[in-house]
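Take a look at the letters that make up each chain.
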Amino acid sequence: MSDLAICAWQKLELGTAITSPGNAAELRTGDWKTLRPETDREKCIKCGLCSVYCPEFCISENEEGYYPADLFYCKGCGICANECPKQAISMIMD
Amino acid sequence: MTKAIGLEVSLAIAEAVKQANVDIVAAYPITPQTHIVEELSVYVANGELDAEYVPVESEHTAMSACVGSSAAGARTYTATAAQGLALMHEILYIASGMRLPIVMTVANRALSAPISIWNDHGDIMSERDIGWVQIFAENGQEAYDLTIAAFKIAEDHRVLLPVCVNVDGFILTHMIEPVLFIDQKKIDAFLPPFKPAMTLNPDKPVTMGPVGVPEVYMESRKQCEEAIMGSRQVVAEVFSQWGQSFGRDYKLIETNGQPRAKVLFVTMGSQGETTMTAVQDLSESGESVGQVRIRLWRPFPREEFLEAIAGAEELIVIDRALSPGVYNGPVAQEIKALLYEQPQKPKIHNVIAGLGGRDVTVKDFKKMYEMSRKNELDPNYTIWGVRSDA
């Protein structure tokens, strides 16, 4: 049994139909990435532009007001790092 | 009805589809299939068949409409041939991948170029891997019977796959043959209304045909593979049920001629009947010859085939399609691959015959037999009857 599969073939719905709406959220797509964003809190001004530009909508404000990426979904595209007006985000090898 | 009625086979197929009480026919006319869907459109227009007839603008759309209607829970039918089947190509995989029990007649016809409207199996052989159950009819009666049986096979919840019934273009479709039609009541008893396993229902939301990420795709393919492998048993059951209900027993593989003959012809489709005459004549003159007819092409009935050829020394495998560049036609490739694992292997001659409507007569089969006896047939493959200056 491959750990690369979500479930056994017998458990798939007929014709691979989806019967629970929104279950794509359960799929880890963050493991596609090579690089992940890391924020330098000294430079970050908490403007939130990175979350606006994130095509995965996986960056949101935390309790401290910073904007970390949810690595379960982040594909490491680097748009946040590119758009950051303070160059506070760097892309590092995952 | 116990009396055979002489009718063009296309119209007999249309009658079968009408009697199967389909809900949707979505089709585009193409020779030599046109008479089937034309007749069905007449039935719908006259109110003889309570169905939607969707006159689409292409075969690609025909199969797309079939996918939609079958997914919605409607009993769905279409028919096509050659370029039309090729145009459906990508949607054919979607129908099987989504496990939709669509029934389709393919009036087998050669693919262009050069343009040919005449018969061979090149069209369906290009679609061997679509994941559909594929059946070949040999005569008009079979075309009628198997079309009705196809719905029962497809809709069986152990199968839930599309089924394609192949009939040789013109040779069958345009022939007037005696056909025994079955009373509607008996057909209704044999083929109850379609009970879809999954429908588009707002109370039970479902996404059909979603993306299959790498974490799902292989399991999805495995599910379809299990379904088509398992369908072999269901096809056999439905055929035997047909025999019990209507007296005509069909097998996945048929044999004919002398039992345990040394030389066996292997045929598929209408050519089988011509071969049958040759086999009979040769047997009468003392030759040890027989015939194996493949009725179920997908899934390939390995065990039944091996049993049918057990003890044979030589097979003359007739292919009505060319698989360019591999030295054998598709049927011979299949059989050679199957025999590789067997301890006892007969010698195989592959004869590619009857492409693009070229006649293959009783005389031709007798000549093939004669040549095989004299060891004059190519040990690999022969393209039969090609005129050459060499």
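About the criteria used
- Residues numbered from 1 in each chain as written.
- Chains lettered and ligands numbered in written order.
- Predicted model: local features only at pLDDT ≥ 70, side-chain atom pairs only at ≥ 80, totals over all residues.
- Heavy atoms only, no water.
- Helix = DSSP H or I, 4+ residues; strand = E, 2+ residues; numbered from the N terminus.
- Rg over C-alpha atoms; globule rule 2.2 N^0.38 Å.
- Contact = heavy atoms within 4.5 Å.
- Areas by Shrake-Rupley, 256 points an atom, 1.4 Å probe, with all protein chains shown as cover.
- Core = buried A, V, L, I, M, F, W, Y, C linked by side-chain atoms within 4.5 Å.
- Buried < 20%, exposed > 50% of the residue type's maximum accessible area, 1.4 Å probe, protein only.
- Pairing = 2+ DSSP bridges.
- Right-handed = clockwise from strand over helix to strand, strands pointing away.
- Domains from an automatic or database assignment.
- Buried area = accessible area lost by both parts, 1.4 Å probe.
- Salt bridge = Lys/Arg side-chain N within 4 Å of Asp/Glu carboxyl O.
- Polar contact = N/O pair within 3.5 Å; in protein donor to acceptor, adjacent residues only side chain to side chain.
- Axes fitted to C-alpha atoms, helices over the stretch in contact; angles between N-to-C directions.
- Parallel < 35°, antiparallel > 145°, perpendicular 65-115°, else oblique.
- Left-handed = near helix turned anticlockwise from the far one by under 90°.
- Nonpolar A, V, L, I, M, F, W, Y, C, P; charged D, E, K, R; others polar.

Regarding its fold elements, chain A presents two helices and two strands. Mapped in sequence order, the helices and strands of chain A form the string β-α-α-β. Taken against the 2.2 N^0.38 rule, which gives 12 Å for 94 residues, the C-alpha radius of gyration of chain A at 17 Å runs more than 25% over that of a compact globule. Its C-alpha atoms give chain A principal-axis dimensions of about 50 × 25 × 20 Å. Of all intrachain contacts in chain A linking residues separated by at least 6 positions in sequence, the fraction that spans at least 24 positions is 61%. Split by element, the accessible area of chain A, about 6300 Å² in all, is 52% carbon and sulfur.

Before going further, it helps to examine the nonpolar core. Residues and elements named next belong to chain B. Grouped together as the largest cluster of nonpolar side chains are 58 residues, with contacts concentrated most on Ile 13, Leu 40, Tyr 77, Ile 135, Tyr 144, Phe 239 and Trp 242. For this core, the element with the most residues is helix α6 (residues 140–155), which contributes nine residues. Among residues more than four places away in sequence, those in contact with Leu 40 are Ala 14, Val 17, Lys 18, Val 25, Leu 49, Tyr 53 and Tyr 77. Of all hydrophobic cores here, the second largest spans 51 residues; its members include Ala 62, Leu 92, Ile 253 and Val 266.

Residue and element names in this part refer to chain B. Cis geometry is found at the peptide bond from Ser 112 to Ala 113, where omega equals -5 degrees. Mapped onto the elements, Ala 113 comes out in the loop between β5 (103–108) and α5 (122–125). The linkage connecting Arg 298 with the following residue, Pro 299, adopts the cis geometry, with an omega of -5 degrees. When you line up the elements, Pro 299 lands in the loop between β12 (296–298) and α10 (302–309). One non-glycine residue, Leu 160, lies in the positive phi region at around 45 degrees. Relative to the helices and strands, Leu 160 is located in the loop between α6 and β7 (163–168). Of the residues examined, Leu 160 reaches a relative accessible area of 3% and is grouped as buried. With a phi angle near 65 degrees, Phe 170 is a residue other than glycine that sits in the positive phi range. Note that Phe 170 resides in the loop between β7 and β8 (176–179).

All names here are of chain B. Taking burial as the measure, the five residues of strand β10 (residues 263–267) include five buried ones, the bulk of the element. The two faces of β10 match: Val 263, Phe 265 and Thr 267 on one face and Leu 264 and Val 266 on the other face are all buried. Across five bridges, β10 lies against strand β11 (residues 289–294) in parallel orientation. In the sheet register, Phe 265 faces β11, and the bridge partner there is Gln 291. Note on the crossover from β10 through helix α9 (residues 271–284) to β11: the handedness is right-handed.

Interface extent is often summarised as the accessible area lost during association of the parts. Residues and elements named next belong to chain B. Splitting chain B by domain gives domain 1 (5–246) and domain 2 (253–383). Of note, the centres of domain 1 and domain 2, computed from C-alpha atoms alone, are 28 Å apart. Across the boundary between the two partners, domain 1 contributes 27 residues, which contact 27 residues of domain 2. For the pair domain 1 and domain 2, the two sides together bury roughly 2200 Å², of which 55% comes from carbon and sulfur. The largest per-residue losses of area from domain 1 upon contact with domain 2 belong to Arg 128, Glu 138 and Arg 232, which jointly make up 33% of the total buried on that side. Here domain 1 and domain 2 share four salt bridges between them. Notably, a salt bridge pairs Glu 142 with Arg 295, separated by 2.8 Å at the nearest N-O pair. At the junction of domain 1 with domain 2, the criterion picks out 13 residue pairs in polar contact (both at pLDDT 80 or more). Of all the elements in the fold, those that place two or more residues in the side of domain 1 that touches domain 2 are α5, β6 (133–136), α6 and α8 (217–246).

Our focus in this paragraph is the packing of helix α1 (residues 9–19) of chain B against α6 of chain B. Residue and element names in this part refer to chain B. Running from N to C, α1 and α6 cross one another at 20 degrees; their axes reach a closest spacing of 8 Å. When the interaxial angle is binned, α1 and α6 end up roughly parallel. Handedness of the α1/α6 crossing: right-handed. Where α1 approaches α6, its residues Val 9, Ala 12, Ile 13, Glu 15, Ala 16, Val 17 and Gln 19 are matched on the opposing element by Gly 140, Ala 143, Tyr 144, Thr 147 and Ile 148. Within the contact of α1 with α6, the residues separate by chemical class into eight nonpolar, three polar and one charged.

So, on to the side chain of Thr 267 of chain B. Along the polypeptide, Thr 267 of chain B turns up in strand β10. Within the local environment of Thr 267 of chain B, its side chain forms a polar contact with the side chain of Gln 291 of chain B, the two groups lying 3.3 Å apart.

Under the counting rule described, the total for this entry stands at 21 salt bridges over all chains. Arg 36 of chain A is paired through a salt bridge with Glu 38 of chain A; the nearest N and O atoms lie 3.2 Å apart. The partly exposed category is assigned to Arg 36 of chain A, whose relative accessible area is 23%. Of the charged contacts, one joins Glu 237 of chain B and Arg 158 of chain B as a salt bridge, the two residues approaching to 2.9 Å between their closest N and O atoms. Linking Glu 237 of chain B in helix α8 with Arg 158 of chain B in the loop between α6 and β7, this pair joins segments that are 79 residues apart in sequence. Overlapping salt bridges, with partners in common, bring together Arg 36, Glu 38 and Asp 94 of chain A in one network.

Another aspect to go through is the interface of chain B and chain A. Chain B puts 19 residues into the contact, and the matching count from chain A is 17 residues. Regarding the contact of chain B and chain A, the summed buried area is about 1600 Å², with carbon and sulfur atoms giving 68% of it. Looking at the side of chain B facing chain A, the largest losses of area belong to Glu 215, Glu 219 and Gln 223 of chain B, adding up to 34% of the total buried there. Remark: the boundary between chain B and chain A carries zero salt bridges. The interface formed by chain B and chain A includes six residue pairs in polar contact (both at pLDDT 80 or more). Here the side of chain B that touches chain A gets five residues from one element, more than from any other, and that element is α8 of chain B. Partitioning the side of chain B that touches chain A into residue classes produces 10 nonpolar, four polar and five charged.

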